[in-house]
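# Coordinate analysis (summary)
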Amino acid sequence: MKQDDTISFSEDRRQHIRYPVNINVNYRHGDTFLFSKTSNVSELGIFLVSNAPFSKGTELSLEFQTPGAVPSLHVRGKVMWVESGKDGSESGMGIQFMD
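Residues numbered from 1 in each chain as written. Predicted model: local features only at pLDDT ≥ 70, side-chain atom pairs only at ≥ 80, totals over all residues. Heavy atoms only, no water.

With that settled, consider unusual backbone geometry. In this structure, D87 takes a positive phi of about 60 degrees despite not being glycine. The residue D87 is located in the loop between β5 (73–83) and β6 (92–97) in this model. Judged by its relative accessible area of 79%, D87 is exposed. (Helix = DSSP H or I, 4+ residues; strand = E, 2+ residues; numbered from the N terminus. Buried < 20%, exposed > 50% of the residue type's maximum accessible area, 1.4 Å probe, protein only.)

Turning next to the environment of D99. Structurally, D99 is set in the segment after β6. Taking C-alpha positions, D99 is 9.6 Å from L44, a pair spaced 55 residues apart along the chain. Among all residues touching D99, those that are not within four sequence positions of it are H74, V75 and R76. (Contact = heavy atoms within 4.5 Å.)

With antiparallel pairing, 6 strands are arranged side by side around a closed barrel as β1-β2-β3-β6-β5-β4. Geometrically, the sheet is characterised by an average inter-axis angle of 45 degrees between neighbouring strands, direction not taken into account. Where strand β4 (residues 59–64) lies against β5, 6 bridges are found, and the strand directions are antiparallel. Each bridged residue has a counterpart across the sheet, and for E59 the counterpart in β5 is K78. (Pairing = 2+ DSSP bridges. Axes fitted to C-alpha atoms, helices over the stretch in contact; angles between N-to-C directions.)

Without other data, these values stay purely geometric and don't point to any function.
Written out as structure tokens, the structure reads:
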């Protein structure tokens, strides 16, 4: 991970309201399948908690189910920023929905 790919929550430049949620998320990049959780979601994206986030620009396939929604949502997303987990914040990646 390059230094310029990281952002701290103190540098937050959000334009859309984030809603705190705890949703399980399955995601895939190529032949790599992973499982994580999200700590928040917005109209345009999701934050995936991860100790080994992908690099900025990586495209992922995501599958998750929001409370009360059936069936599961299948969307594509792109890593827009990476949180290193310094200063006690959760490490992970900010994903922008592409669909």
